[in-house]
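Working through the structure, step by step
Each chain, written out:
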Amino acid sequence: MKSDFSKKTVHIPRETKEWNEIQEWALLSSICDGIFDCPHSTPKITSIGPLVVRSQDIRTGIFKKHLAAHVSDETYLLRIARATPQYGDLFYSREGTYFGIAAEVPQNTKVCLGQRMVLIRPQKNHNHIFIKYWLNSPIMVNYVASFRDGTVAERLNMPTIRALPIPVFSRHKQDSIASILGSLDDKIDLNRRTNETLEAMARAMFRNWFVDFGPTRAKMAGEAPYLAPELWELFPDRLDDEGKPEEWETSTFDHCITILTGGTPKTSVPSYWNGNIPWFSVVDAPTESDVYVLDTTKKITQDGLNNSAASILPENTVIISARGTVGKLALTSGDMTMNQSCYGIRGSNGYGQYFILQALKNILNELKNNTHGSVFDTITRETFSTISTTLPSLRLAQHYENMVSKYFKRILVNCEESRTLSGLRDLLLPKLMSGEISIRDAEKMVEDVT
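Residues numbered from 1 in each chain as written. Predicted model: local features only at pLDDT ≥ 70, side-chain atom pairs only at ≥ 80, totals over all residues. Heavy atoms only, no water.

Read from one edge of the open sheet, five strands run β11-β18-β15-β16-β13, paired in mixed fashion. This sheet does not close on itself; its edge strands, each paired only once, are β11 (257–261) and β13 (292–293). (Pairing = 2+ DSSP bridges. Helix = DSSP H or I, 4+ residues; strand = E, 2+ residues; numbered from the N terminus.)

Per the stated rule, a full pass over the model turns up 20 aromatic pairs. Relative to F169, the ring of F130 lies with its centre 6.0 Å away and its plane at 85°, an arrangement referred to as edge-to-face. Of this pair, F130 sits in helix α3 (residues 128–135) while F169 sits in the loop between β9 (165–167) and α6 (171–211); the two residues are 39 residues apart in sequence, bridging distant segments of the chain. Taken as a pair, F130 and F169 share a single burial class, namely buried. Joined through ring pairs, the aromatic side chains of F206, W209, F210, F213, F235, W248, Y351, F355 and Y400 make up one cluster. Taking the ring centre of Y133 as reference, the NZ or CZ of K132 above it sits at 4.5 Å. (Phe/Tyr/Trp six-rings, centres within 6.5 Å; stacked < 30°, edge-to-face > 60°. Buried < 20%, exposed > 50% of the residue type's maximum accessible area, 1.4 Å probe, protein only. Lys NZ or Arg CZ within 6 Å of the ring centre and 35° of its normal.)

Low-confidence regions, as indicated by low pLDDT, have predicted coordinates that should not be scrutinised in detail. Of all residues in the protein, 93% have pLDDT values of 70 or greater, and the mean over the chain is 91. Within the protein, helix α1 (residues 17–21) has the poorest average pLDDT of any element, 62, and strand β8 (residues 117–122) the best, 98. In this model residues 1–14 is a low-confidence stretch, pLDDT under 50, and it forms 29 contacts with partners more than four residues away in sequence or in other chains. (pLDDT = per-residue confidence, 0-100. Contact = heavy atoms within 4.5 Å.)

Among the nonpolar cores identified, the biggest contains 53 residues, and I320, I345, L360, F384 and F408 are the most heavily contacted of them. Every element with two or more residues in this core is listed here: α6, α8 (229–232), β11, β15 (318–321), β16 (329–332), β18 (342–347), α10 (353–369) and α11 (394–434). Every residue in contact with I320, bar those within four places of it in the chain, is listed here: G327, K328, L329, S341, C342, Y343, I345, L360, L364, L367, I379 and F384. Counting residues in hydrophobic clusters, the runner-up holds 43 residues, among them A26, W134, I177 and A442. (Core = buried A, V, L, I, M, F, W, Y, C linked by side-chain atoms within 4.5 Å.)

With that settled, consider the environment of G182. Position of G182 among the secondary structure elements: in helix α6. G182 sits 90 residues away from Y272 along the chain, and the two C-alpha atoms are 39 Å apart.

As a further point, take the packing of α11 against helix α12 (residues 439–449). Interhelical geometry of α11 versus α12 gives an angle of 175° and a closest axis separation of 11 Å. Overall, the two elements α11 and α12 adopt an arrangement that is roughly antiparallel. For the pair formed by α11 and α12, the contact residues are L421, L424, L428 and L432 on the first element and I439, A442, M445, V446 and V449 on the second. Taken together, the residues of the contact of α11 with α12 sort by class into nine nonpolar, no polar and no charged. (Axes fitted to C-alpha atoms, helices over the stretch in contact; angles between N-to-C directions. Parallel < 35°, antiparallel > 145°, perpendicular 65-115°, else oblique. Nonpolar A, V, L, I, M, F, W, Y, C, P; charged D, E, K, R; others polar.)

Let us look at the environment of K219. Mapping K219 onto the fold places it in helix α7 (residues 214–220). Under the relative-accessibility criterion, K219 is labelled buried at 19%. For the pair formed by K219 and Q107, sequence separation is 112 residues and the distance between their alpha carbons is 48 Å. Setting aside anything within four residues of it in sequence, one finds K219 in contact with W232, E233, F235, P236 and D237.

So, about the environment of A285. Here A285 is to be found in the loop between β12 (273–280) and β13. Residues A285 and I320, 35 residues apart in the sequence, show an inter-C-alpha distance of 9.1 Å. Ignoring anything within four residues of it in the chain, the contact list for A285 reads R59, F280 and K328.

Turning to the sheet that holds β12, a few remarks are in order. Taken together, three strands build an open sheet; the order of strands is β14-β12-β17 and the sheet is mixed. Strands with a single pairing partner mark the edges of an open sheet, and in this sheet they are β14 (298–300) and β17 (337–338). Two elements, β12 and β17, share two bridges in a ladder whose sense is parallel. Within the sheet, the bridge partner assigned to F280 lies in β17 and is M338.

For α10, which comprises 17 residues, the first-to-last C-alpha distance of 24 Å matches the rise-based estimate of 24 Å (1.5 Å per residue) to within 8%. I363 marks the point of greatest bend in α10, at about 55°. Burial analysis of α10 places 12 of its 17 residues in the buried class, which makes it a mostly covered element. Taken as a whole, α10 has its buried residues at Q353, Y354, F355, I356, L357, Q358, A359, L360, K361, I363, L364 and L367. (Expected span 1.5 Å × (residues − 1). Bend = angle between axes of the 7 residues up to and from the residue.)

Let's shift gears to the side chain of S308. Mapped onto the secondary structure, S308 falls in the loop between α9 (302–306) and β15. A distance of 2.8 Å separates a polar atom in the side chain of S308 from the backbone oxygen of G304. At a separation of 3.2 Å, a polar atom in the side chain of S308 contacts the main-chain amide nitrogen of A310. Apart from the residues lying within four places of it in its own chain, the contact partners of S308 are T264 and P265. (Polar contact = N/O pair within 3.5 Å; in protein donor to acceptor, adjacent residues only side chain to side chain.)

A word on the pattern of salt bridges. Inspection of every chain in the model, using the stated rule, returns 22 salt bridges. Here K361 makes a salt bridge to E199, at a shortest N to O gap of 2.3 Å. One end of the pair, K361, is in helix α10; the other, E199, is in helix α6, with 162 residues separating them in the sequence. In terms of burial, K361 and E199 fall into one category: buried. Each of D189, R192, R193 and E196 takes part in a single network of salt bridges with overlapping partners. (Salt bridge = Lys/Arg side-chain N within 4 Å of Asp/Glu carboxyl O.)

It is the contact of α6 with α11, at a shortest axis distance of 10 Å, that shows an interaxial angle of 170°. By the angle class used here, α6 and α11 are roughly antiparallel. Class assignment for the residues of the contact of α6 with α11 results in 27 nonpolar, six polar and eight charged.

Take a look at the structure:
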């Protein structure tokens, strides 16, 4: 079947060799049984019930069910009036920070569309996973960038989505490409789940030692030590009248940190931008389990750095978003800078970065509840001085730092490996489609790295 898509009739923002070598195309709408927009009302969120997918839930190309919000059964029924999401469908984000991203609808999942979301239902003779990879490919990221029609929020309209170009291949080739790229994604997902476990272990240890005061309470109850003797003896034997371990200090949070600020070079000066210095904004925040920010969407030059309030943050600086989207956390994987809507947090008086990261997570809700601003929620420098925290002995905090450092080093290695695998996936997709790399050679490449 000849497609109804012609490269002459569609604006292509950036020609690529692989794009030009694809012989047959179709409009997305012509290979789908339906493309359904979401209801435009805001769903009321509940604590339990069916899931509702929002753009932030698919930011990585995977629907993170454990992070999704819930709606009532009544709201769910209203929001599936046009179509009920089912396995074989794709979610697609059409507006906001994370627009133009596709993700599979998981099996056996009761879910409806949130705001800014579209449901794509490919025909059965098309592999929906292949279509997902194509829609998320760098080629399509560049393609959809020129169709933004939003003035405040980035947005793709429905006619543009229906007219997205899809390469036409045999079902066998679609299945083979999806399988190869899926093997890489399986390894990336394994790294993600490993990081979740490692981060949870570091968080649980912090909470047991410094929030619930587990070792001190165990001593008071006459329980047997569950830590090494030299570590066990560092915990006080009892709680004081304030309910904290004796001799531990109650202090405002700013007592144990140094706050660093960021800045934005003038966007009207081209020589300040597109350099090699990573410049962090909230869109670059990693998932909670991945912890580290490895790269940033935008980069600045040395001139941009010298002529703005931006400054270099050392490796392992904790970044917290402080305006608008408040409370996103990240550790820097190397030297980088950031915009003025964030703070860089360094431990002071001997407290280490992993201790500070977990301490920030522990007080995050308090920080959010103490925001200011008439238009945007904002954490100010003074906000950190309004939050009280319990500080253990420096020696004990340093023991924690040393014990969890191996977890975070492993998390960083996994993040870097996943970035490499993601790059290989994005490299292979156009080359497999153009025939530059054979299916067999690609399978061998993937075997070598997974």
